[in-house]
Amino acid sequence: MRSTLRPDAVLVQAVIAGALSFAHLHDLAEAAGQTGWKAWAYPVSVDLLLVAAWRRLRSLRAAGDSARSAWTWFTVALVASLGANVATAGLLDLTHVPDWLRILVAGWPALAFLGGTLLVHTPAVPTPAPHPVEPVAVDTVIGRSDSYEPDAGPASPSALPVIEPEPEPATTALAVPPALVAHAQKVADDHRARTGYPIDADTLRTRLGVPSQMADAITAQLV
């Protein structure tokens, strides 16, 4: 059974927009004195930096790390692309390009190389390991009275000793280090900033790598 090829409207739109942006960047670079193959290399450089910044941005957001640097370079590449589109729309005389624009075009390769290097070779910030958990302090107080002397005479129901039930052991109190609570607060704030909801104990346990009881104790102390 032969498959029917159906054009994707979004893909066609992306090809048209990319071709127009590519041509605008080429025309602007050529007008700024970058002739020959150099004028064709500028659109490729801008688009590659834009794609690299977007991929780095997605990977950092998926890992829960800060994507501020990726956003910075994505904005730089986007401004360069949009600036070329606007400049070639009749707002700029391409036969008399101002000196400041020539300087920006000539300095773009160094800026693009710096951005690409930082995006590719900057390692992700490792999540600090949780501090060792202090031993659990168990304070159990059990009171018991084993001495009983019955009065002389026949035993009656009212004279029988009342046996008090032994108190249950006190709930184990987990001692959470303040440094671990402070780190957990940062993780919770980052989770709230990304999702809009407070972090739950299961998610906090996964992020910190601590036992369930410890995660519950830390969650109870978060703001």
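Computed from a prediction, not measured in an experiment: that's the story for all the values here. (Residues numbered from 1 in each chain as written. Predicted model: local features only at pLDDT ≥ 70, side-chain atom pairs only at ≥ 80, totals over all residues. Heavy atoms only, no water.)

Chemist: Mind showing me how you'd approach the packing of helix H1 (residues 9–31) against helix H3 (residues 68–91) here?
Modeler: Any two packed helices are characterised by how steeply their axes cross, that is the angle between the axes, and by the distance between the axes. Packing of H1 against H3 leaves a shortest axis separation of 8 Å and a crossing angle of 75 degrees. With respect to their mutual orientation, H1 and H3 come out roughly perpendicular. From H1, Leu20, Ser21, His24, Leu25, Asp27 and Leu28 reach across to H3, where they touch Ala80, Ser81, Ala84, Asn85, Ala87 and Thr88. Looking at the contact of H1 with H3 residue by residue, the classes come out as six nonpolar, five polar and one charged. (Axes fitted to C-alpha atoms, helices over the stretch in contact; angles between N-to-C directions. Helix = DSSP H or I, 4+ residues; strand = E, 2+ residues; numbered from the N terminus. Parallel < 35°, antiparallel > 145°, perpendicular 65-115°, else oblique. Contact = heavy atoms within 4.5 Å. Nonpolar A, V, L, I, M, F, W, Y, C, P; charged D, E, K, R; others polar.)

Chemist: Quick question: what am I supposed to make of the nonpolar core here?
Modeler: Soluble globular proteins: nonpolar side chains tend toward being buried together. Among the nonpolar cores identified, the biggest contains 25 residues, and Leu49, Val105, Trp108 and Leu119 are the most heavily contacted of them. Elements with a minimum of two residues in this core: H1, helix H2 (37–63), H3 and helix H4 (99–121). Top element by residues in this core is H2. It accounts for seven residues. Ranked by size, the runner-up nonpolar core spans 15 residues in total, among them Val187, Ile199, Val210 and Leu222. (Core = buried A, V, L, I, M, F, W, Y, C linked by side-chain atoms within 4.5 Å. Buried < 20%, exposed > 50% of the residue type's maximum accessible area, 1.4 Å probe, protein only.)

Chemist: Looking at this structure, I do not really get the environment of Ala32. What am I missing?
Modeler: Mapped onto the fold, Ala32 is located in the loop between H1 and H2. Distance in space between the C-alpha atoms of Ala32 and Pro98 is 8.4 Å, their sequence separation being 66 residues. When residues no more than four places from it in sequence are discounted, the contact partners of Ala32 are Val97, Arg102 and Val105.

Chemist: Any chance you could explain the pattern of salt bridges here in plain terms?
Modeler: Side-chain pairs of opposite charge can arise where the charged atoms are in close proximity. If you walk through the whole model with that rule in mind, you get one salt bridge. For the salt bridge of Arg194 with Asp190, the shortest nitrogen-to-oxygen distance reads 3.0 Å. Of this pair, Arg194 and Asp190 both sit in helix H5 (residues 178–195), four residues apart, which is roughly one turn of that helix. Overall, Asp190 belongs to the partly exposed group, its relative accessible area being 28%. (Salt bridge = Lys/Arg side-chain N within 4 Å of Asp/Glu carboxyl O.)

Chemist: What's the story with H4 in this structure? I'm lost.
Modeler: Between its first and last C-alpha, H4 extends 34 Å over 23 residues, near the 33 Å set by a 1.5 Å rise per residue. Maximum bend of H4: about 45 degrees, positioned at Trp108, with proline Pro109 one to four residues after it. Within H4 the residues assigned to the buried category are Leu101, Val105, Trp108, Ala112, Gly115 and Leu119. Turning to H4, the residues buried within the fold contact H1, H2 and H3. (Expected span 1.5 Å × (residues − 1). Bend = angle between axes of the 7 residues up to and from the residue.)

Chemist: What should I look at first to understand the packing of aromatic side chains in this one?
Modeler: Any pair of aromatic rings gets described here by the distance separating the centres and the angle formed by the planes. All chains considered together, the criterion is met by three aromatic pairs. Measuring from ring centre to ring centre gives 5.9 Å for Trp71 and Phe74, while their planes differ by 85 degrees; the resulting arrangement is edge-to-face. Of this pair, Trp71 and Phe74 are both found in helix H3, three residues apart, which corresponds to roughly one turn of the helix. For Phe74, a relative accessible area of 16% gives the class buried. Three or more aromatic residues joined by ring pairs make a cluster, and in this case those are Trp54, Trp71 and Phe74. (Phe/Tyr/Trp six-rings, centres within 6.5 Å; stacked < 30°, edge-to-face > 60°.)

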